[in-house]
Structures are given as C-alpha cells and as structure tokens.
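In case you want the letters, here they are:
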Amino acid sequence: MSFISMQHIEKSFKGNVVLKDVSLEVNKGEVISIIGPSGSGKSTFLRCLGQLETIDKGTIMVDGLCLVKTGADGKAVYADKKTQRALQIRMGMVFQQFNLFPHMTVLENILIAPKMVKGMKEADILPIAERLLKKVGLWDKRDEYPSRLSGGQKQRVAIARALAMNPDIMLFDEPTSALDPELTGEVLRTIQQLAEENMTMIIVTHEMAFAKQVADKVLFMADGLIQEEGRPEEVFDHPQSPRTQAFLQSML
C-alpha cells in the first residue's frame, strides 16, 4: 500500500475546472517532481494534499488514514477535524514566498510552531532548532531578523521551520521561483540533502535539471491533467506525449 494515495481528484474554482481526475501514488521515502506550464494545476494539486484547498471529488489517503473520500452523492466528504489536524501536522510545506514572521528572529521563527501547535517547551525545541539551522547553514544568523537575510537564506529558514515540526512528508511549491539564479542553488542543495535522507517529498518546480537529478518520479501536468509520468530519464529524455515534448522544447 502506498504512503500517499490521491485518487481521481477534481477541483474547480467558480466553475473553472483546475483539476480533472488527477491521481498520484507516492511511496515512503520517494521524491516526486511535478513540472508543467503555469496554470496547469500543479500548485492546486499540492495544496489539496496540504489541506490548503478542499477538493470537490476524489480520495486522499495518507499512511492508511483517509483524509477525504467521495460520498454517495458524488461529493467529497472530509474526515473529522481531529484526523485532518493529525494529518496536517505530519506535512511540512514550503512556498514560493517565505512567509517568515518579520518581527521575529530566525530562531524565534523556528521555535514558534512546535511551541504553539505541539505544546513543546522551548528548552526541548532549542537543540532541534540548533541542529536544523546548522543543517541549512544558518546557525550564525539565528538572532537576525528576516529583513537582514537574502532570499535564499529566508527560504532555507522556511525549510528549517517546516522541519522543526518533524514532518513525515515535505511539500515544496516552487521553492526557488522568487529567487535570483545564484541563490537558487543553495536552496536546491538543502532539498537534495533531504532527498538523500529519504524524506518523502513532492516538489512543484520549474528547475528541470533539479527535477531530473533529485526525483524518483516526474509528473508532467498541463490543462489540469497528468499528461505523462515516469522515471526522470523517461520523461526528460524520451517524452511520449506531444504536450510534454513541446513543453520541454520551450524550456531549453
């Protein structure tokens, strides 16, 4: 049984169909890259798993727990709030925008969620925060405010903050799209390190070389559908779908 199962997901915004019967299976420790043109539904699909959007139809299972299924009337029925919450805190999410609290230091940004959400004591979180900031190379910036950091540093703090909740799954929504090219590498290296540690990850990205290098499986989405999926070398080197071929040509 797969660790994450999203089956026949449908989602519309005000009559505009964004996801049309999209399915995905993810095994524990697997890294999935989702590529495709803007407006293809990639970020919406990710946000449905992270409970930032609700689906209209379909089933989402995580580690044997059902988050949502389709009822007899054909509409999505969500699990109770306790189950939703339990699944939500098992996922860390990193966005294009860093969403750091500007009035808090780097260290405070990392301490807040475990304190507020998990009720942990600061003394218990501090060693975790120190380890994570050292991991992303920013322990020396712990007392700085976000305004004093580069974009790449802010994104690495955002990754450390998500990891502070000790998630089983990391979701990345175009984590480098707001960064200058020279800052992109430092964030991608951090994500690569997580992949090497067998973190289960789904990454929506425009970085084709990175998607090819880090992913176990690549999905190409366009027009609200998964047009193609497979191992990176299959999708990038031998794309079958004309839509995938055209997209990859445009990215060269």
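For the structure itself, look to the data block above.
Note that this is a predicted model, so its numbers are computed, not measured.

Quick look at unusual backbone geometry
No. 1: Phi at Asn198 is positive, roughly 65 degrees, even though this residue is not glycine.
No. 2: Along the chain, Asn198 falls in the loop between α6 (181–196) and β9 (200–204).
No. 3: Note on Asn198: relative accessible area 57%, which makes it exposed.
No. 4: Positive phi outside glycine occurs at Asp223, with the angle close to 55 degrees.
No. 5: Topologically, Asp223 is positioned in the loop between β10 (217–222) and β11 (225–230).

A closer look at the sheet that holds β11
No. 1: Pairing is mixed in the open sheet, where 6 strands are placed in the order β7-β8-β9-β3-β10-β11. If you trace the sheet from one side to the other, it starts and ends with β7 (91–94) and β11, each paired once. Ignoring strand direction, the axes of neighbouring strands in this sheet form an average angle of 15 degrees.
No. 2: Pairing of β7 with strand β8 (residues 169–173), which is carried by 4 bridges, proceeds in the parallel orientation. Bridged to Met91 within β8 is Ile169.
No. 3: Contacts from α6 reach β3 (31–35), β8 and β9, with the element oriented near 145 degrees to β9.

Conventions we followed
- Residues numbered from 1 in each chain as written.
- Predicted model: local features only at pLDDT ≥ 70, side-chain atom pairs only at ≥ 80, totals over all residues.
- Heavy atoms only, no water.
- Helix = DSSP H or I, 4+ residues; strand = E, 2+ residues; numbered from the N terminus.
- Buried < 20%, exposed > 50% of the residue type's maximum accessible area, 1.4 Å probe, protein only.
- Pairing = 2+ DSSP bridges.
- Axes fitted to C-alpha atoms, helices over the stretch in contact; angles between N-to-C directions.
- Contact = heavy atoms within 4.5 Å.

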